[in-house]
Amino acid sequence: LIGNHQVYTFEYKGILHEIAVEHPKSFNIETFTEDLKKIVEHGSALIGDIPYKHYTYLIMGEGRGGLEHRNSMAVFSNNNVYDPKDKAGYLRWLSFLAHEYFHLYNIKCIRPVALGPFDYDKENLTNMLWVSEGFTVYYEYIILNRAGLMTRNEALDAIKDNITNYENVPGHLMQSATQSSYDTWIQFFSRGDNASNTTISYYDKGCALGFLLDVNIRNATANKKSLDDVMRTLYREFYQQKKRGFTDEEFRQVCENAAGIKLNEVFEYASTTKEIDYAKYFSWAGLSIDLTPKEKNGAFIGAGFQKRNEQMIVSGIEFDSPAWHAGLSTQDIVIAADGITVTPENFKNILDAKKPGETLTLTVSRHDKEYDIVIIPTKKMIKSFNMQPFDNMNTLQQSIYQTLLRP
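Computed from a predicted model, the values in this text were never measured in an experiment.

A. Seen up close, the overall build of the protein. Assigned secondary structure in the protein consists of 16 helices and 15 strands. Over its C-alpha trace the protein gives a radius of gyration of 24 Å, about what one expects of a compact globule, namely 22 Å for 407 residues. Counting the 407 residues in the protein, one finds 48% classified as buried. Contacts spanning at least 24 positions in sequence make up 65% of the contacts within the protein whose residues lie at least 6 apart. Carbon together with sulfur atoms contributes 48% to the accessible area of the protein, which is approximately 19,600 Å² in total. Counting 43 positive and 51 negative side-chain charges, the protein places the centres of these two groups 5 Å from one another.

Written out as structure tokens, the structure reads:
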């Protein structure tokens, strides 16, 4: 990163860490530096080794996303003011940085055998991005919690959000976590209008599977082993000793060796769309999880819209929704609703005024012809996946609950 950025530094265990910030006025740099140091401390302690001699945070301005490297990360900050007083926004920012930092271990060192050395003349296909990316999502919450930057409830809420992201879209019935990983070369970053109906994110389901695997190992070993032991073994055996990635079967064997039992069910959840028994796994951690479908407020038609050149365009149709059955199509241009001319300013209010069972007639333009689409809105049923600790836990549940996440 070459320019007029400001460079700040801190040391951890004698190792220099540099923070190159393109827009330093966006940061409370003292608090930010201390929090980064805590992430380094607890992220590296999880594995028990630091595989670099110096580390640099390249914090750029406008843009999206970030990328991990062996001794640095390059991330965009969108010139936002990351104020610790805005805790929710600041936690999202720290989670992002903890994610990229833990990739130092879980992808640059611990990796599927397909992901290096690369053959740059063809795709490098792997089923295991639910581990490489999904587990890194899970561990960003674990690291922040152990660092005292995220409470237990905040971490559980974050995991809940990952679960709802894929469970409440039709794609979770169509695509497994391993399929999502394998197909990422052709569609993950080129999502079409029908993506939510046919696909999921291995980030989201992988995070949930990381939690399931963690509590499964803890329960099977009377809380003497955890997913941490799996990650440390992978690091030591494959990165340090064999100096290569692991195969799918080798990963599973390390997990089952840590648990001392077969883990058929968790790996079936990864490779299929089988319904997950969340209640069982969360109970091992002394937690209940709300799986009861509840009505979402307002009328539901199952269509997404976006503004384009002062027009309202249909951007997505949910499978088996009222809009789906009525024949609304993506890329339709909405001209009127119940005879009222539609504008970007009034369209949401028109939809919000509808009640379930009432008729909604959308006049749309499709291939330069106009059609009337009659939709009958319904109620949307969703699961919250809210979690609560048991009032009464047995000894093992209490042990897992207390050690999985700190208060």
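B. Helix H11 (residues 248–259), seen in detail. Taking 1.5 Å of rise per residue, the 12 residues of H11 would be expected to cover 16 Å, and the 17 Å separating its terminal C-alpha atoms lies within 8% of that figure. Every buried residue belonging to H11 is among Phe-251, Val-254, Cys-255, Glu-256, Ala-258 and Ala-259, and all of these are buried. Structurally, H11 contributes buried residues whose contacts are with helix H3 (129–132), helix H4 (134–146), helix H9 (202–220), helix H10 (227–241) and helix H12 (264–271). Of the residues trailing H11, Gly-260 is marked for its positive phi of about 75°.

C. Spatial organisation of the sheet that holds strand S4 (residues 66–68). In space, the five strands of this open sheet follow the order S1-S2-S3-S5-S4, with mixed pairing throughout. Each of the sheet's edge strands pairs with one partner strand only, and the pair in question is strand S1 (6–12) and S4. The mean inter-strand angle of the sheet, taken between neighbouring strand axes irrespective of direction, is 15°. Bridge analysis of S1 against strand S2 (residues 15–21) gives seven bridges, and the strand direction is antiparallel. Paired with Gln-6 across the strands is Val-21, a residue of S2. Here helix H1 (residues 29–47) sits on the sheet in contact with S1, S2 and strand S3 (54–60), set at roughly 40° to S1. Contacts between helix H2 (residues 87–102) and the sheet are confined to S3, S4 and strand S5 (72–76), with S5 contributing the most and set at about 145° to the helix.

D. Main features of unusual backbone geometry. Following Gly-116, the chain continues to Pro-117 via a peptide bond in cis, the omega torsion being -5°. Relative to the elements of secondary structure, Pro-117 occurs in the loop between H2 and H3. Notably, Ile-107 is not glycine yet its phi reads approximately 160°, a positive angle. Considering the arrangement of structural elements, one finds Ile-107 in the loop between H2 and H3. The class of Ile-107 is buried, set by a relative accessible area of 14%. Its identity as a non-glycine residue notwithstanding, Asn-309 has a phi of 55°, on the positive side. With respect to the helices, strands and loops of the structure, Asn-309 is situated in the loop between strand S8 (303–308) and strand S9 (311–317).

E. Local environment of a nonpolar patch on the surface. A surface patch of nonpolar side chains, about 420 Å² in accessible area, is lined by Leu-125, Tyr-182, Trp-185 and Ile-186. If you trace the backbone, Trp-185 turns up in helix H7 (residues 184–187).

F. Summary view of the pattern of salt bridges. Using the criterion set out here, one finds 17 salt bridges in the structure. Between Asp-229 and Arg-232 there is a salt bridge; the shortest N-O distance is 3.4 Å. With Asp-229 and Arg-232 both in helix H10 and three residues apart, this pair spans about one turn of that helix.

G. Looking closely at the packing of aromatic side chains. Scanning all chains against the criterion turns up 34 aromatic pairs. With a centroid separation of 5.9 Å and 40° between ring planes, the pair formed by Phe-27 and Trp-93 is classed as tilted. Taken together, the residues Phe-27 in the loop between S2 and H1 and Trp-93 in helix H2 connect sequence positions 66 residues apart. Exposure class is identical for Phe-27 and Trp-93. Each is buried. Ring plane angle 55° and centroid distance 5.9 Å describe the contact between Trp-93 and Phe-96, whose orientation is recorded as tilted. One end of the pair is Trp-93 and the other is Phe-96, both in helix H2 and three residues apart, which spans about a single turn. Just above the ring of Tyr-401 sits the side chain of Arg-152; from NZ or CZ to the centre is 4.1 Å.

Each value, and the rule that gives it
Residues numbered from 1 in each chain as written. Predicted model: local features only at pLDDT ≥ 70, side-chain atom pairs only at ≥ 80, totals over all residues. Heavy atoms only, no water. Helix = DSSP H or I, 4+ residues; strand = E, 2+ residues; numbered from the N terminus. Rg over C-alpha atoms; globule rule 2.2 N^0.38 Å. Buried < 20%, exposed > 50% of the residue type's maximum accessible area, 1.4 Å probe, protein only. Contact = heavy atoms within 4.5 Å. Areas by Shrake-Rupley, 256 points an atom, 1.4 Å probe, with all protein chains shown as cover. Lys, Arg positive; Asp, Glu negative; His and termini not counted. Charge placed at Lys NZ, Arg CZ, Asp CG, Glu CD. Expected span 1.5 Å × (residues − 1). Pairing = 2+ DSSP bridges. Axes fitted to C-alpha atoms, helices over the stretch in contact; angles between N-to-C directions. Patch = residues over 30% accessible without salt bridge, like charges linked within 9 Å, V, L, I, M, F, W, Y side chains within 5 Å. Salt bridge = Lys/Arg side-chain N within 4 Å of Asp/Glu carboxyl O. Phe/Tyr/Trp six-rings, centres within 6.5 Å; stacked < 30°, edge-to-face > 60°. Lys NZ or Arg CZ within 6 Å of the ring centre and 35° of its normal.

None of this, on its own, says anything about what the molecule does.
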